Amino acid sequence: MADAQDTQRWQSVTHAHVRSRDGGLVAGAPEASSHVCLPASWGVVLWESIQLPRTIEEVAAITGRPPAEVSALMGDLQAAGLVATSEASITNPLSFHDALMHARSRGITDEGFGKTTRTPLPPEDVAGVGFSLPTVEGDARLTAITCADVLTRRRTTREWSTDDVTLAQVSALLWHGARDVDGSGQHFPYPYAGPAMATRIAVAAGRVEGLDPGLYVYEAAHHALVPWPPSNPAPAERLPVGEYISGVAAGHRPGDRHPPLMLIVLSDLAAMTSSCDGLAYANALKTAGAIQVTVSLAATALGLGSTILGLASDMDTRDVFDARVSRLTPIAEMAVGIPRTGSP
């Protein structure tokens with residue numbers, strides 16, 4: 001415990017920070033389950049001083065406060081795990097935002113956690129007139145293949161056939177992998193976390209037989225696609241995923257070496273937050289992961305291939321999505337198509 005005669009040098013731990021709360025200043029960290037209120041008159045000066053290792057006497061001299069007063073506050077900060085004396089305790093290999101998301105998704109927070117008493121925000125309306133996808137009849141392939149076969153055969157597709165996928169294949173994929181089972185907006189083939197329709201799927205149809213290249217939103221309750229008007233994105237240097245999505249959204253057909261289809265998981269983080277404090281982003285990521293796994297298994301069962309994509313930037317597609325939906329944010333992307341014969 002810190003005391004006024006302490007000669008050890010104290011320093012704030014890696015993720016500790018000061019923020020405004022309830023009209024005052026508090027110090028906290030993602031790993032801490034409690035926060036420490038700082039004095040309004042000298043708390044910021046103290047916090048700035050312990051960004052470097054300091055003794056109690058040195059901090060007292062910087063803040064102009066009695067050593068005993070500084071020692072008492074340093075003791076509170078130490079008890080909360082916000083300051084330490086050893087290098088091993090100060091550093092943390094995780095990035096701040098990774099640590100913050102993990103802590104909040106596991107209930108390590110002093111800012112509320114779990115289901116709220118607020119009424120969840122209603123789903124954001126996706127404007128446009130949709131069209132029904134082809135009816136999905138019984139598929140002999142699905143009755144002939146076992147769950148064990150699907151799990152064994154699933155592979156990440158690296159090379160694509162030059163063949164387009166058909167609208168019937170897109171319909172079957174979405175029906176088996178993503179439809180709203182009972183119209184409630186909460187029951188799907190994949191595990192779902194969040195209020196009704198807080199997660200949507202956009203379809204970037206690049207090479208789909210019987211469908212113009214473009215961006216569509218899947219209406220899971222009606223098994224329909226709602227086309228979004230073609231966009232004219234401003235020229236920009238984009239990552240490959242953003243280049244594909246923005247090009248297809250503008251009505252351009254991608255080359256044969258590209259996958260014919262891309263699915264984008266969109267999350268309404270405001271609706272997620274209105275439903276569960278401290279869990280919104282965790283629920284969004286968990287749902288996106290469940291969608292991708294379920295759709296990739298459905299693709300395998302239907303004789304298609306898939307690739308869960310790991311490198312995309314919101315900046316690449318912001319001009320595509322922001323003009324159409326204000327609250328839906330891209331969370332994850334995956335490519336779907338027919339694997340090239342002989343590819344692993």
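Here, the structure is the one placed above.
This one's a predicted model, so the numbers in the text were calculated from it and none came from an experiment. (Residues numbered from 1 in each chain as written. Predicted model: local features only at pLDDT ≥ 70, side-chain atom pairs only at ≥ 80, totals over all residues. Heavy atoms only, no water.)

What am I meant to see in the pairing of strand β13 (residues 261-268) here?
Sheet faces and side chains relate simply in a regular strand, where the side chains alternate between the two faces. Counting buried residues along β13, 8 of its 8 residues qualify, which places the element largely inside the surrounding structure. Alternating residues of β13 divide into Leu261, Leu263, Val265 and Ser267 and Met262, Ile264, Leu266 and Asp268, and every residue in both groups is buried. Here strand β9 (residues 199-205) runs beside β13; their pairing, made up of 7 bridges, is antiparallel. When the bridges of β13 are listed, Val203 appears paired with Leu263. (Buried < 20%, exposed > 50% of the residue type's maximum accessible area, 1.4 Å probe, protein only. Helix = DSSP H or I, 4+ residues; strand = E, 2+ residues; numbered from the N terminus. Pairing = 2+ DSSP bridges.)

What's the story with the sheet that holds strand β4 (residues 36-38) in this structure? I'm lost.
In a beta sheet, neighbouring strands pair by backbone hydrogen bonds and run either parallel or antiparallel. The antiparallel open sheet is built from 3 strands, whose spatial order is β2-β3-β4. Each edge of the open sheet is held by one strand with a lone partner, namely β2 (17-21) and β4. Sheet twist, expressed as the mean angle between neighbouring strand axes with direction ignored, is 40°. Pairing of strand β3 (residues 24-28) with β4 involves 3 bridges; the strand directions are antiparallel. Across the sheet, Leu25 pairs through a bridge with Leu38, a residue of β4. Against the sheet, helix α3 (residues 67-79) touches β3 and β4, its axis set at about 145° to β4. (Axes fitted to C-alpha atoms, helices over the stretch in contact; angles between N-to-C directions. Contact = heavy atoms within 4.5 Å.)

Quick question: what am I supposed to make of the nonpolar core here?
Soluble, globular proteins show a tendency: their nonpolar side chains are buried together. Membership of the largest hydrophobic core comes to 41 residues, with the highest contact counts inside it found for Leu173, Val203, Val208, Tyr218, Leu225, Leu261 and Leu263. Mapped onto this core, the elements with two or more residues apiece are α8 (167-178), β9, β11 (214-219), β13, α10 (269-275), α11 (280-301) and β16 (328-337). Among the elements that line this core, the one with the most residues is α11, at 7 residues. When near neighbours in sequence (up to four residues on either side) are disregarded, Val208 contacts Val165, Thr166, Leu167, Val170, Pro260 and Leu261. Counting 24 residues, the second-largest nonpolar core is a separate cluster that includes Val59, Ala60, Leu77 and Ala84. (Core = buried A, V, L, I, M, F, W, Y, C linked by side-chain atoms within 4.5 Å.)

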